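Each chain is listed here by its residues.
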Amino acid sequence: MQRILLGVNIDHVATLRQVRKTSYPEPLQAALLAEQAGADSITVHLREDRRHIQERDVTLLKEVMGIPLNLEMAVTDAMLAFAERLKPEYCCLVPEKREELTTEGGLDVSGRQAQVAHACQSLKAAGILVSLFVDPDAEQIAASREAGAAAVEIHTGRYADTGDDERGIELEKIIQAVRLAHDSGLRVNAGHGLNYRNVQTIAGIPELHELNIGHAIVARAVLCGMMQAVAEMKQLMNQARM
């Protein structure tokens, strides 16, 4: 079975820095350690309110990293202009609300078809591979393909957060969505809420290309260090593909 890739989201390294308005911890350093431990890409979300990652972080990462940078971003003119200047390898378009603690659901691609299609076209013209963060929903996957996205990232938050009685239902939704997207010619990633206890079930879905995981890895890194935290997650994911 083909190996699955790990994208490490380092947003919450920046959260620790911003909460005290210090110069540390340094997200770039965390990203370099993650790369050394086997991460396949680094993800950051440059939010409108700049609550964690800042423009200088994204710029430094693009200049220094030896693995691809995945920029999560809202579908706004300002973010499109920033991405087109920066030219990260990947952009993942996500919904964004100021009051949310973290991204709460998938992008409504079908309800914003023209706007999302324009963003996909603009980013593609800049040489950027575009992914759309969507719920495991057939309508949203079809709309993503029609909008011109190269990939989708399936939202796994409901699977991660639900109780044991309903987890199987949510897992089946994800499996079906992944297969549908793959059969539609899209690259298929997944993420949100994945941790060391639940990752293997998702990682074992054969059509998945990459998992993007942040909070669980950063939280583990506080106790054991970034390199060990990334290595442990990679090991679990690789075991799921054996």
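Look a little higher up for the structure.
Basis of the calculations
- Per chain, residues are indexed from 1 in the order of the written sequence.
- Where totals are concerned, whole chains, interfaces and linings use all residues; where local detail is concerned, this predicted model gives features only for residues with pLDDT of at least 70, and gives and counts side-chain atom pairs only at 80 or more.
- Note that water and hydrogens are dropped before the side-chain values are worked out from all heavy atoms of the structure.
- Think of a 1 Å grid over the protein atoms and nothing else: a 1.4 Å probe that fits but is trapped marks a cavity, an open set flanked by protein within 12 Å on at least five of seven lines marks a pocket, and residues with an atom within 4 Å of a point count as lining.
- Grid points are joined across faces, edges and corners, and a volume is the space filled by probe spheres set on the points.
- Here a helix means four or more residues in a row that DSSP labels H or I, a strand means two or more in a row labelled E, and each is numbered from the N terminus.
- The residue classification treats Ala, Val, Leu, Ile, Met, Phe, Trp, Tyr, Cys and Pro as nonpolar and Asp, Glu, Lys and Arg as charged. All others, Gly included, are polar.
- Here, any two strands with at least 2 DSSP bridges between them count as paired.
- Axis definition: a line fitted to C-alpha atoms, over the contacting stretch in the case of helices. Angles run 0 to 180 degrees between N-to-C directions.
- For every residue, the accessible area (1.4 Å probe, protein chains only) is compared with the maximum for its type, and the residue is labelled buried under 20%, exposed over 50%, or partly exposed between those bounds.

## Observations regarding the layout of surface pockets
Part 1 of the reasoning: Within this model, the second largest pocket holds a volume of roughly 160 Å³.
Part 2 of the reasoning: If you trace the second largest pocket, you find it lined by Val13, Leu16, Pro25, Glu26, Gln29, Ala30, Leu33, Val218, Ala221, Val222 and Met226.
Part 3 of the reasoning: Among the secondary structure elements, those contributing two or more residues to the lining of the second largest pocket are α1 (11-20), α2 (27-36) and α10 (215-224).
Part 4 of the reasoning: Tallied by class, residues from the lining of the second largest pocket come to 9 nonpolar, 1 polar and 1 charged.

## Quick notes on the sheet that holds strand β2 (residues 41-45)
Part 1 of the reasoning: Reading around the barrel, the 8 strands line up as β1-β2-β3-β4-β5-β6-β7-β8 and close back on themselves, with parallel pairing between neighbours. Looking at each pair of strands side by side, their axes are set apart by 25° on average, direction ignored.
Part 2 of the reasoning: Two elements, strand β1 (residues 5-9) and strand β8 (residues 210-213), share 4 bridges in a ladder whose sense is parallel. Counterpart to Leu6 in the pairing with β8 is Leu211.

## Brief notes about unusual backbone geometry
Part 1 of the reasoning: Cis geometry is found at the peptide bond from Tyr24 to Pro25, where omega equals -5°.
Part 2 of the reasoning: The backbone of Lys21 sits at a positive phi, close to 55°, despite the residue not being glycine.
Part 3 of the reasoning: Counting through the fold element by element, Lys21 comes out in the loop between α1 and α2.
Part 4 of the reasoning: Lys21 sits in the exposed class, given a relative accessible area of 68%.
Part 5 of the reasoning: Positioned with a positive phi, His192 is a non-glycine residue whose angle comes to about 110°.
Part 6 of the reasoning: Residue placement: His192 occurs in the loop between β7 (187-191) and α9 (199-203).

Function-wise, these values are silent; they only describe arrangement.
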